[in-house]
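Inside the fold
So you can see what is in the structure, the chains are spelled out below.
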Amino acid sequence: MADVPNYLTGYEQLYAEDPRAAAVQWFRDAKYGLFLHYGLYSLLERHEWVQFKEKIPVAEYAKLQDRFTAERFDADAIASFAVDCGMRYVNITTRHHDSFSLFETAQWDFHSVASPCGRDLVGELAAACDRQGIGFFCYYSHGRDWKHPHAPNNDQWGGNARPAYDPPEPAYATGEAHDLNAYLDFMTAQVTELLTRYDAPIAGIWLDGIAVPLSGDRSLFRCQQLYDHIHSLSPHVLVSYKQGLLGTEDFVAPEHKAVDSGGRPGEICTTMCPRSWGYLAEGKGKHRCADDVWDTLRVAREQGWNVLLNTGPLPDGSIDPEDEPVLRAVGARLRKEGFPGE
């Protein structure tokens, strides 16, 4: 029998027959996961869309890389925290819309290992989750990118493809010089790195930026080709693209409320800070309380859906101290009472 990933312990028989079916069943049973939005935007403490909202030029925003240290990002502590909270998987923004990667990549030098941090945070967290026997998912911004010269531009695509720079951003290729396929190849190469670089297993690739391909001819994004490539590299790896782009995703993951999943597993992603996913300084004192989280779990479980609950780590990479005791309290209640709504 092929080696079964630690997080799929208990699903060995089904894994031997169909690795992806085993992963889908595990996902349905997992019920609850921890989401982490962390990156350069965390340093500014003003929302993960700060580059877009404030129209920060690409070259100026890129200087944040020189300040990125993540000195208190502790992968083992995060994985242990998730377990204590009653969660069975963790998902982190390996690369958000700003295109900065929390993993070492050969595609360019805009990544955490090339910053003062000097560490592959994705690899560290994948290994920590494996040691805890929980799943590890890689959030990856697909449709939307605010740095790559050949990512979708506003003249051809909607969905907030790029910030509305005026004058135009010189780093972006335009007209006949623009080649969307160059961007798609870049993303395929990075996803391949995520799935082949680490000894620890990856449970899923969680794509974001769906509003951009939905605004035009989605076939130009070659998504089915990417899905097939992911499954060819790792048959157990699940693929999602928010509420579903093609209908061939392994599960759907809309924001804040359930949608028609077409019979596929569903996951509601939502966040502790109501106005932001990344760390937001002005959100202090406005985060969800334990009863709010419990009600979110109840509503989701009544529908048979998972909850992926986000907290935005502080600039130094530590868990937000406003969220930590709340989520631990919910975990204690889960151990005592089980999941609500079941």
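Here, the structure is the one placed above.
Everything in this summary refers to the structure shown in the same document. (Residues numbered from 1 in each chain as written. Predicted model: local features only at pLDDT ≥ 70, side-chain atom pairs only at ≥ 80, totals over all residues. Heavy atoms only, no water.)

Structural notes on the overall build of the protein
- A tally of regular secondary structure across the protein gives twelve helices and seven strands.
- On C-alpha atoms alone, the protein measures out to a radius of gyration of 19 Å, which is about the 20 Å that the 2.2 N^0.38 rule sets for 342 residues.
- Taking the principal axes of its C-alpha atoms as reference, the protein extends roughly 60 × 45 × 35 Å.
- Buried residues in the protein amount to 58% of all 342 residues.
- Sequence separation of at least 24 residues holds for 72% of the intrachain contacts in the protein that already meet a minimum separation of 6.
- Per element, the accessible surface of the protein, about 13,400 Å² overall, is 47% carbon and sulfur.
- Looking at charge distribution, the protein has the averaged site of its 32 positive side-chain charges lying 5 Å from that of its 49 negative ones. (Helix = DSSP H or I, 4+ residues; strand = E, 2+ residues; numbered from the N terminus. Rg over C-alpha atoms; globule rule 2.2 N^0.38 Å. Buried < 20%, exposed > 50% of the residue type's maximum accessible area, 1.4 Å probe, protein only. Contact = heavy atoms within 4.5 Å. Areas by Shrake-Rupley, 256 points an atom, 1.4 Å probe, with all protein chains shown as cover. Lys, Arg positive; Asp, Glu negative; His and termini not counted. Charge placed at Lys NZ, Arg CZ, Asp CG, Glu CD.)

Some words on the packing of helix 6 (residues 75-84) against helix 7 (residues 121-132)
- Where helix 6 meets helix 7, the axes come as close as 8 Å, and the angle between the chain directions of the two elements is 45 degrees. As summarised for this structure, helix 6 and helix 7 are arranged oblique, according to the angle between their axes. For the pair helix 6 and helix 7, the sense of crossing is right-handed. From helix 6, A75, D76, I78, A79, S80 and V83 reach across to helix 7, where they touch E124, L125, A128, C129, R131 and Q132.
- The residue makeup of the contact of helix 6 with helix 7, split by class, is seven nonpolar, two polar and three charged. (Axes fitted to C-alpha atoms, helices over the stretch in contact; angles between N-to-C directions. Parallel < 35°, antiparallel > 145°, perpendicular 65-115°, else oblique. Left-handed = near helix turned anticlockwise from the far one by under 90°. Nonpolar A, V, L, I, M, F, W, Y, C, P; charged D, E, K, R; others polar.)

Description of the pattern of salt bridges
- One pass over the structure, following the stated rule, counts 20 salt bridges.
- We note a salt bridge from E342 to R301, for which the minimum N-O separation is 2.7 Å. Here R301 lies in helix 11 (residues 290-302) and E342 lies in the segment after helix 12 (324-337), a separation of 41 residues in the sequence.
- Under the relative-accessibility criterion, E342 is labelled exposed at 55%.
- For E337, the salt bridge goes to R333, with nearest N and O atoms at 3.2 Å. Of the two residues, E337 and R333 both sit in helix 12, four residues apart, roughly one turn of that helix.
- In this structure E337 comes out as partly exposed when scored by relative accessible area, which is 48%.
- Residues joined by salt bridges that share partners form a network here, namely D84, E324, R328 and R335. (Salt bridge = Lys/Arg side-chain N within 4 Å of Asp/Glu carboxyl O.)

Notes on helix 7
- For helix 7, spanning twelve residues, the distance from its first C-alpha to its last is 17 Å, which sits close to the expected 16 Å at 1.5 Å a residue.
- Every buried residue of helix 7 is accounted for by L121, V122, G123, L125, A126, A128 and C129.
- The first or second residue beyond helix 7 is G133, which carries a positive phi of 75 degrees. (Expected span 1.5 Å × (residues − 1).)

So, the nonpolar core
- Counting residues in each nonpolar core, the largest one holds 84 residues, and the members touching the most others are Y32, F68, F73, L125, F136, I205 and V293.
- Of all the elements, helix 8 (residues 180-196) adds the most residues to this core, at eight residues.
- In terms of nonpolar packing, the next biggest core, distinct from the first, is built from 22 residues, Y7, L8, A22 and L308 among them. (Core = buried A, V, L, I, M, F, W, Y, C linked by side-chain atoms within 4.5 Å.)

Quick look at the pairing of strand 1 (residues 32-36)
- Counting buried residues along strand 1, five of its five residues qualify, which places the element largely inside the surrounding structure.
- Burial along strand 1 is two-sided: Y32, L34 and L36 and G33 and F35, pointing in opposite directions, are all buried.
- Summarising the sheet, strand 1 and strand 7 (residues 306-311) pair through five bridges and their orientation is parallel. Bridging across to strand 7, Y32 finds its partner in V307.
- Where strand 1 and strand 2 (residues 89-95) come together, four bridges link them in parallel fashion. Within strand 2, the position partnered with G33 by the bridge is Y89. (Pairing = 2+ DSSP bridges.)

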